[in-house]
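Single-letter residue listing:
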Amino acid sequence: MSDVSEHDATPPSGAQEPGGSRGAPASAAAAGDEPVDVPDAVRAKEALLAEWLRAHAHPALAIGFSGGVDSTYLAAVAADAAGPARVVAVIGTSASLADDQHADARALAARLGVRVVDLATHEMADPRYVANPSNRCYFCKSELWTRVRAWAAEQGVETIADGTNADDVRGHRPGAVAGRERGVHSPLAHVGLGKDEIRILSRARGLPTWDAPSSPCLASRLPYGTPVTHARLRQVEGAERALRALGLAGDLRVRHHGELARVELSRAELGRWLSPAGMRAIRSAVRQAGFARVAVDLRGFRSGSLNVLEGVTAA
Amino acid sequence: MTVQRLERALAAIGLPGTVEIRGSLAVLTLQGEVSLEDETLRADAVRIASAHGYTHFAVELPDIGEGGASLHRG
């Protein structure tokens, strides 16, 4: 089977509203219905971004696309600035990408009218990735960008960009190093746009991702040193999907601690779901995904929680 | 022992159970069913675990059927 598949700008059959399967709040559907106050300084950054994208989309610009807040916004601005025909949304597909997230990403790209390319990546064949060290993302992104670079060369596409924003460059992001080594540009960071600003601008554009929770790959739920296996990834995916099906919204992670699943919810959802009946429902849903024990983290969702747990970053 | 002190401190705020340590994660397995809807109770529990040196604190959801005992705080 080919590692590359290209799709026209048509949502896949059965695709739901992008972002919906990951619990985007209902307010996302109303994006664009009311005026959004965008500060002049933020507008100015967007203008710089559009200028950069227009200048780098000849003959086309490839964007590493996840369907998340950042890459969706980047693709939307690129499509406006350079024309959708000059923008390619490249989706890296592998076992660490949840099926729901893949469907959402394809539907979003189609909505923007840009070309969509699915590029299979094989990080699971790399023992350095599978060993799950604290710089696991470096090996994953090395694989992704190497394959995107090769595909782009075949297509005559010179510029590759990702959705790294100005906030990301301050955190523990070994994956960003792999991108820089392969000449991947990060125009959002380049013009100084941070996450909050991107959400404001996304809302102003009516993008359904403006308040979508972040959605890193499934491997991020495994503590460092726990080997990445298909079985563990599917356990996490199944548990999170089951919790979404219960109605849990917002940020949600099922952290894999062997036989124990540690569930992180947003603070609002903690208050809603930690009644005895709610806890029983959570327990039942997660156990059906193959975990023997289920615990809820009382601090709730924390981005990079496992980095803190492993001492990679400070609490 | 630190774990026993942590268990006593948690029991004192209405969270009786046994604590299992996994690195800097403390997991409390509740004795019986306890409502954790109260944000103050959750914050108190996290603060206590943090004071004992744990960056993460989780409560294992007990295996109690529909007819299980319910221990509501307060």
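The coordinates are above.
Residues numbered from 1 in each chain as written. Chains lettered and ligands numbered in written order. Predicted model: local features only at pLDDT ≥ 70, side-chain atom pairs only at ≥ 80, totals over all residues.

What to know about the nonpolar core
All names here are of chain A. Under the convention used in this document: A set of buried Ala, Val, Leu, Ile, Met, Phe, Trp, Tyr and Cys residues, joined through C-beta atoms within 7 Å, is what we mean by a nonpolar core. Exposure classes come from backbone-placed C-beta atoms, where a residue is buried if 20 or more other C-beta atoms lie within 10 Å of its own, exposed if 12 or fewer do, and partly exposed in between. Only DSSP runs of H or I reaching four residues or more are called helices, and only runs of E reaching two or more are called strands; each is numbered from the N terminus. The contact rule is simple: place each C-beta atom from the backbone, and if two of them lie within 7 Å, those residues are in contact.
If you look at the biggest cluster of nonpolar residues, it comprises 107 residues, and the most contacted ones within it are Ile63, Ala75, Ala78, Val87 and Ala89. Residue contributions to this core peak at 10 residues, all from helix α2 (residues 69-82). For Ala89, the residues in contact, after removing those within four places along its chain, are Ile63, Phe65, Ala75, Ala109, Val114, Arg115 and Val116.

Here we look at the packing of helix α1 (residues 2-12) of chain B against helix α2 (residues 39-51) of chain B
Two numbers describe a pair of packed helices, the interaxial angle and the distance between the axes. All names here are of chain B. Selection criterion: Geometry is summarised by axes, namely lines fitted to C-alpha atoms with helices restricted to the contacting stretch, and by angles between N-to-C directions that run from 0 to 180 degrees. Working rule for angles: under 35 degrees goes down as roughly parallel, over 145 as roughly antiparallel, 65 to 115 as roughly perpendicular, anything else as oblique. Crossing handedness: left-handed means the near helix sits turned counterclockwise from the far one by under a right angle, and right-handed means the same turn made clockwise. The nonpolar class holds Ala, Val, Leu, Ile, Met, Phe, Trp, Tyr, Cys and Pro. Asp, Glu, Lys and Arg form the charged class, and all remaining residues, Gly among them, are polar.
At their nearest, the axes of α1 and α2 sit 10 Å apart, and the two run at 160° to each other. On the basis of the axis angle, α1 is roughly antiparallel to α2. Handedness of the crossing formed by α1 with α2: right-handed. Residues Leu6, Ala9 and Leu10 of α1 form the contact with α2, whose own contacting residues are Ala45, Ile48 and Ala49. Classifying every residue of the contact of α1 with α2 by side-chain character gives six nonpolar, no polar and no charged.

Some words on unusual backbone geometry
Residues and elements named next belong to chain A. Pro59 follows His58 through a cis peptide bond whose omega is 0°. Locating Pro59 in the fold gives a position in the loop between α1 (40-55) and β2 (61-64). Not every positive phi belongs to a glycine, and Asn132 is a case in point at roughly 60°. For Asn132, the position within the fold is in the loop between α4 (127-130) and α5 (136-155).

Looking at the interface of chain B and chain A
It is common to report an interface's size as the accessible area lost on association of the parts. What counts is decided by this rule: A strand pair is defined by DSSP finding two or more bridges across the two strands.
Taken together, the contacts link 21 residues of chain B with 21 residues of chain A. Broken down by element, the residue count for the side of chain B that touches chain A peaks at five residues, all from strand β4 (residues 56-60) of chain B. Taken together, the residues of the side of chain B that touches chain A break down into nine nonpolar, six polar and six charged. Direction of pairing for strand β8 (residues 293-297) of chain A relative to β4 of chain B: antiparallel, over a ladder of three bridges. Across the sheet, residue Asp297 of chain A finds its bridge partner in β4 of chain B, namely Ala58 of chain B.

Digging into the environment of Ala26 of chain B
Residue and element names in this part refer to chain B. Topologically, Ala26 is positioned in strand β2 (residues 25-30). Linking Ala26 and Tyr54, residues 28 residues apart in sequence, is a C-alpha distance of 6.3 Å. Not counting residues up to four positions away in its chain, the partners in contact with Ala26 are Leu6, Val19, Ile21, Ala49, Tyr54 and Phe57.

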